[in-house]
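Here is how the chains run, residue by residue.
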Amino acid sequence: MRRVGPRRLAALLVPVLALGVLWTFLRGGALSWGWAQWVFSQSRPAFETAALQAVEQGSGQGISRPFGVRDVTLWDYEGTAVDFAMGAFGLGSSPRYWGIQYVPSGERLGYQGVRLEGWTREGDGWSWSESGGDNTCYLRELDGNWFYYEMEF
């Protein structure tokens, strides 16, 4: 049997570990929360500028995205929210989205600014589950009117 040297072993393990971190990061959860919190703390002025521009112009189009943000969208359906999409995971009928949202009113809104009833305290945040379904939402306050969110369908 041939012996695998340390360089070859490292060449095999590094990509596997990187894929594992990427998998966890895209799924949401603690790693995504930590990343979103860090990005927000490092780029808060860019987030504030983008949020104010989106609210003033009534759209997220053409707004410069802060570091780590894939898309900026203004939702003004049931409540106004500026969504800073940071990640998504899943295929078909069970996707999960996560990011940061700015809600001018400071109220807890679900994904895309939808008002949800029945929030329950969960750890340092709030969770919502659809009765009779499998949709869930988790919010955690970053600061004032800024929230980290995860939505799973």
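Anything mentioned here points back to the structure above.
Trainee: Can you help me understand the sheet that holds strand β4 (residues 120–122) in this one?
Mentor: Neighbouring strands of a sheet are bound in pairs by backbone hydrogen bonds; such pairs are parallel or else antiparallel. With antiparallel pairing, the seven strands of this open sheet are ordered in space as β1-β2-β3-β7-β6-β5-β4. Looking along the sheet, the strands with just one partner apiece sit at the ends: β1 (71–76) and β4. If you compare each strand with its neighbour and ignore which way they point, the axes differ by 30° on average. The pairing of strand β6 (residues 136–143) with strand β7 (residues 146–152) spans seven bridges and is antiparallel. The residue bridging Thr 136 from the neighbouring strand is Glu 152, located in β7.

Trainee: Hey, could you run me through the nonpolar core in this one?
Mentor: Nonpolar side chains tend to gather and get buried jointly when the protein is soluble and globular. Membership of the largest hydrophobic core comes to 22 residues, with the highest contact counts inside it found for Phe 47, Val 82, Phe 84, Ile 100 and Trp 146. Counting residues per element, the ones that place at least two in this core are α2 (30–57), β1, β2 (80–89), β3 (96–102), β6 and β7. Looking at this core element by element, the count peaks at eight residues for α2. Ignoring anything within four residues of it in the chain, the contact list for Val 82 reads Ala 51, Ala 54, Val 55, Val 72, Thr 73, Leu 74, Ile 100, Gln 101 and Tyr 102. Among the nonpolar cores identified, the runner-up in size contains 14 residues, and Leu 109, Trp 126, Leu 139 and Met 151 belong to it.

Trainee: Would you mind going over unusual backbone geometry with me for this structure?
Mentor: Of note in this structure, Gln 112 is not a glycine but carries a positive phi near 65°. Along the chain, Gln 112 falls in the loop between β3 and β4. Overall, the relative accessible area of 28% leaves Gln 112 in the partly exposed class.

Quick notes on the rules
Residues numbered from 1 in each chain as written. Predicted model: local features only at pLDDT ≥ 70, side-chain atom pairs only at ≥ 80, totals over all residues. Heavy atoms only, no water. Pairing = 2+ DSSP bridges. Helix = DSSP H or I, 4+ residues; strand = E, 2+ residues; numbered from the N terminus. Axes fitted to C-alpha atoms, helices over the stretch in contact; angles between N-to-C directions. Core = buried A, V, L, I, M, F, W, Y, C linked by side-chain atoms within 4.5 Å. Buried < 20%, exposed > 50% of the residue type's maximum accessible area, 1.4 Å probe, protein only. Contact = heavy atoms within 4.5 Å.

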